[in-house]
Amino acid sequence: MPNLTLRSAHPDEAPLVGNLVVAAFEEFKGKLDPPSGAHLETPEKIAAKITKGGALLAYADGEIAGCVLYYPEESALYLGRLAVLPAFRQHGVGRALVQAVEAHARQTGFDCVTLSVRIALPQNRVYFEGMGYRWCSDERHPGFSEPTFVKLEKKLE
């Protein structure tokens, strides 16, 4: 297990966050319908999300390993773009980022964290359910008649 360090990202670090997201989601490029929005993120969009809520960067033994974005959405804190570089997966980086977002939610008065998971990626749903997230609703991207993703939520104690 690497030595993990988490820190908040600043809006001016949006290009770094964007590069991490694109690199972590590269394996899904051309494999999802509709395509992942991760590849459409721009520094401007990411900076806006950081300003609206925040982002965390994860370092494993001093090397950049991953990130996550979060921001208020309705009455919950939305966790989005959890991205862990392939070399750092299966070492607790993602779990540490999720737990940090949950802690931030508690500290800022949110009693629920929500996120979305593609139906085409059932292993991602299993991952989050293993951390206590539960099905909330089936959702669809614009132009699709069948659900393409599920919204999961975790009620915080």
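Our subject is the structure that appears above.
Rules and cut-offs
- Residues numbered from 1 in each chain as written.
- Predicted model: local features only at pLDDT ≥ 70, side-chain atom pairs only at ≥ 80, totals over all residues.
- Heavy atoms only, no water.
- 1 Å grid on protein atoms, 1.4 Å probe; cavity = no way out; pocket = protein on both sides within 12 Å on 5 of 7 lines; lining within 4 Å.
- Points joined across faces, edges and corners; volume = space filled by probe spheres on them.
- Helix = DSSP H or I, 4+ residues; strand = E, 2+ residues; numbered from the N terminus.
- Nonpolar A, V, L, I, M, F, W, Y, C, P; charged D, E, K, R; others polar.
- Pairing = 2+ DSSP bridges.
- Axes fitted to C-alpha atoms, helices over the stretch in contact; angles between N-to-C directions.
- Expected span 1.5 Å × (residues − 1).
- Buried < 20%, exposed > 50% of the residue type's maximum accessible area, 1.4 Å probe, protein only.
- Arc of directions from axis to C-beta.
- Contact = heavy atoms within 4.5 Å.

Engineer: Please set out the layout of surface pockets residue by residue, giving values where relevant.
Structural biologist: Each pocket or cavity is described by its volume, and for the largest pocket that value is around 1100 Å³. F25, F28, L82, N124 and F128 are, among the 37 residues lining the largest pocket, the residues nearest its centre. Going through the elements one at a time, helix 1 (14-25), strand 3 (63-73), strand 4 (76-84), helix 3 (93-107), strand 5 (112-118) and helix 4 (122-129) are the ones with two or more residues in the lining of the largest pocket. Its residues assigned to classes, the lining of the largest pocket comprises 19 nonpolar, 11 polar and seven charged.

Engineer: Please give an account of the sheet that holds strand 6 (residues 134-139) that cites residues and values.
Structural biologist: Backbone hydrogen bonds hold the strands of a sheet together, and the pairing may be parallel or antiparallel. Taken together, the seven strands give an open sheet; going across it, the order is 1-2-3-4-5-7-6, and neighbouring strands pair in mixed fashion. This sheet does not close on itself; its edge strands, each paired only once, are strand 1 (4-8) and strand 6. Within the sheet, the average angular offset between the axes of one strand and its neighbour, ignoring direction, is 25 degrees. Pairing analysis gives seven bridges linking strand 2 (residues 54-60) to strand 3, with the strands arranged antiparallel. Residue pairing across strands places A55 opposite L69, the latter belonging to strand 3.

Engineer: Any chance you could break down helix 1 for me, citing the residues and the numbers?
Structural biologist: Compared with an ideal rise of 1.5 Å per residue, which puts 12 residues at 16 Å, helix 1 spans 16 Å between its outermost C-alpha atoms and is within 8% of the ideal. Of all the positions in helix 1, only A14, V17, G18, L20, V21, A24 and F25 are classed as buried. Seen from one end, helix 1 has its buried residues packed into an arc of 160 degrees, which puts them on one side. Contacts made by the buried residues of helix 1 are with helix 2 (43-52), strand 2, strand 3 and strand 4.

Engineer: Can you explain the environment of A14? Please cite residues and give values.
Structural biologist: Relative to the helices and strands, A14 resides in helix 1. Here A14 is in contact with P43, I46, A47 and I50, once residues within four sequence places are set aside.

Engineer: Tell me about the pairing of strand 2, residues and numbers included.
Structural biologist: Extensive coverage of strand 2 is indicated by the burial of seven of its seven residues. In strand 2, alternate side chains face the same way, and those of G54, L56, A58 and A60 on one face and A55, L57 and Y59 on the other are all buried. The antiparallel pairing of strand 2 with strand 3 creates a hairpin that spans two residues between the two strands, and D61 there sits at a positive phi of about 50 degrees.

Engineer: So what about unusual backbone geometry? Which residues, and what values?
Structural biologist: With glycine set apart, most residues show a phi of negative sign, and most peptide bonds adopt trans. Cis rather than trans, the peptide bond between D33 and P34 has omega equal to 0 degrees. Topologically, P34 is positioned in the loop between helix 1 and helix 2. In this structure, R81 is a non-glycine residue whose phi angle is positive, near 55 degrees. Position of R81 relative to the elements: it lies in strand 4. Residue R81 is classed as partly exposed on the basis of its relative accessible area, which comes to 24%. Although it is not a glycine, Q90 sits at a positive phi angle of roughly 70 degrees. Positionally, Q90 belongs in the loop between strand 4 and helix 3.

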